Every structure is written in C-alpha cells, then in structure tokens.
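Here is how the chains run, residue by residue.
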Amino acid sequence: MNGATYSLSPGKHLGPLAVIPRADRNDAYSARVHGTQCGVGDSGPFFQKDPGTSITMRLVPEGACEPAGTDAPNLGVVFEG
C-alpha cells in the first residue's frame, strides 16, 4: 500500500495501520497470493477522508487460485469505512 509491504497468513488480518495518502491522491495497492499468479492491484484516490479516520481494505477470494504460471486474477477488493 503506497510502497509499504505486509505479509499475512491465510485468515489473518493486520491493522489498523497508518496510511499516508499520496500528495497527488493517486494511491496504489497490490495484493497477491504467495506461490500463485492470483492477485489484484489498482491506483486511484482511495484515501480521501480526513486525518484520523479509517478505511478497511478487504481482500475477497473470487475463486480458486491456480499454481504459479496460470495468471488467474481471483482476488477482489472491497473498501469499507
């Protein structure tokens, strides 16, 4: 998220974490499932709220992740808050 990297085990969560919005409001994220080609990424104005407020980025499985090399983007992202 905006250059920071976090590793999570399946079923685990992390946070809350402080995220500093980019000055140009073009925040970027990417997520992948280790050992597969499953993943998702995007950039845009995701953190528009006032300082001290929060947002949750939830990764949602959208199918089975195939082994590495199959290029199956089976993760969705939901922003809450």
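Okay, so let's go over this structure. Keep in mind that this is a model prediction, so the values were computed, not measured. (Residues numbered from 1 in each chain as written. Predicted model: local features only at pLDDT ≥ 70, side-chain atom pairs only at ≥ 80, totals over all residues. Heavy atoms only, no water.)

## A word on the overall build of the chain
Stage number 1. The number of helices and strands found in the chain is zero helices and four strands.
Stage number 2. Tracing the chain from N to C terminus, the helices and strands come up as β-β-β-β.
Stage number 3. Looking at the chain residue by residue over its 81 residues, the buried ones come to 16%.
Stage number 4. Intrachain contacts of the chain at a sequence separation of at least 6 include 44% that bridge at least 24 residues.
Stage number 5. Of the roughly 6,000 Å² that the chain leaves accessible, carbon and sulfur atoms contribute 52%. (Helix = DSSP H or I, 4+ residues; strand = E, 2+ residues; numbered from the N terminus. Buried < 20%, exposed > 50% of the residue type's maximum accessible area, 1.4 Å probe, protein only. Contact = heavy atoms within 4.5 Å. Areas by Shrake-Rupley, 256 points an atom, 1.4 Å probe, with all protein chains shown as cover.)

## As for the pattern of salt bridges
If charged atoms from side chains of opposite charge come close, those side chains can pair.
Stage number 1. Here the structure, examined in full by the defined rule, presents one salt bridge.
Stage number 2. Notably, a salt bridge pairs Asp24 with Arg22, separated by 2.7 Å at the nearest N-O pair. (Salt bridge = Lys/Arg side-chain N within 4 Å of Asp/Glu carboxyl O.)

## Re the side chain of Asp27
Stage number 1. Within the element layout of this structure, Asp27 appears in strand 1 (residues 27-32).
Stage number 2. It is Arg22 that comes nearest to the buried, bridge-free Asp27 among opposite-charge side chains, at 5.6 Å.
Stage number 3. Within the structure, the side chain of Asp27 is placed 3.0 Å from the backbone nitrogen of Arg22, a separation counted as a polar contact. (Lys, Arg positive; Asp, Glu negative; His and termini not counted. Polar contact = N/O pair within 3.5 Å; in protein donor to acceptor, adjacent residues only side chain to side chain.)

## Side note on the environment of His13
Stage number 1. As for its position among the elements, His13 is in the segment before strand 1.
Stage number 2. Residue class for His13 comes out exposed when judged on its relative accessible area of 70%.
Stage number 3. Residues His13 and Arg58, spaced 45 residues apart in sequence, show a C-alpha to C-alpha distance of 9.1 Å.

## Concerning the environment of Val78
Stage number 1. Here Val78 shows up in strand 4 (residues 75-80).
Stage number 2. C-alpha of Val78 to C-alpha of Leu59: the two residues are 19 residues apart in sequence and 6.6 Å apart in space.
Stage number 3. Contact partners of Val78, with chain neighbours within four places excluded, come to Thr56, Met57, Arg58 and Val60.

## Examining the environment of Val19
Stage number 1. Within the element layout of this structure, Val19 appears in the segment before strand 1.
Stage number 2. Note on Val19: relative accessible area 33%, which makes it partly exposed.
Stage number 3. Linking Val19 and Ala4, residues 15 residues apart in sequence, is a C-alpha distance of 9.0 Å.

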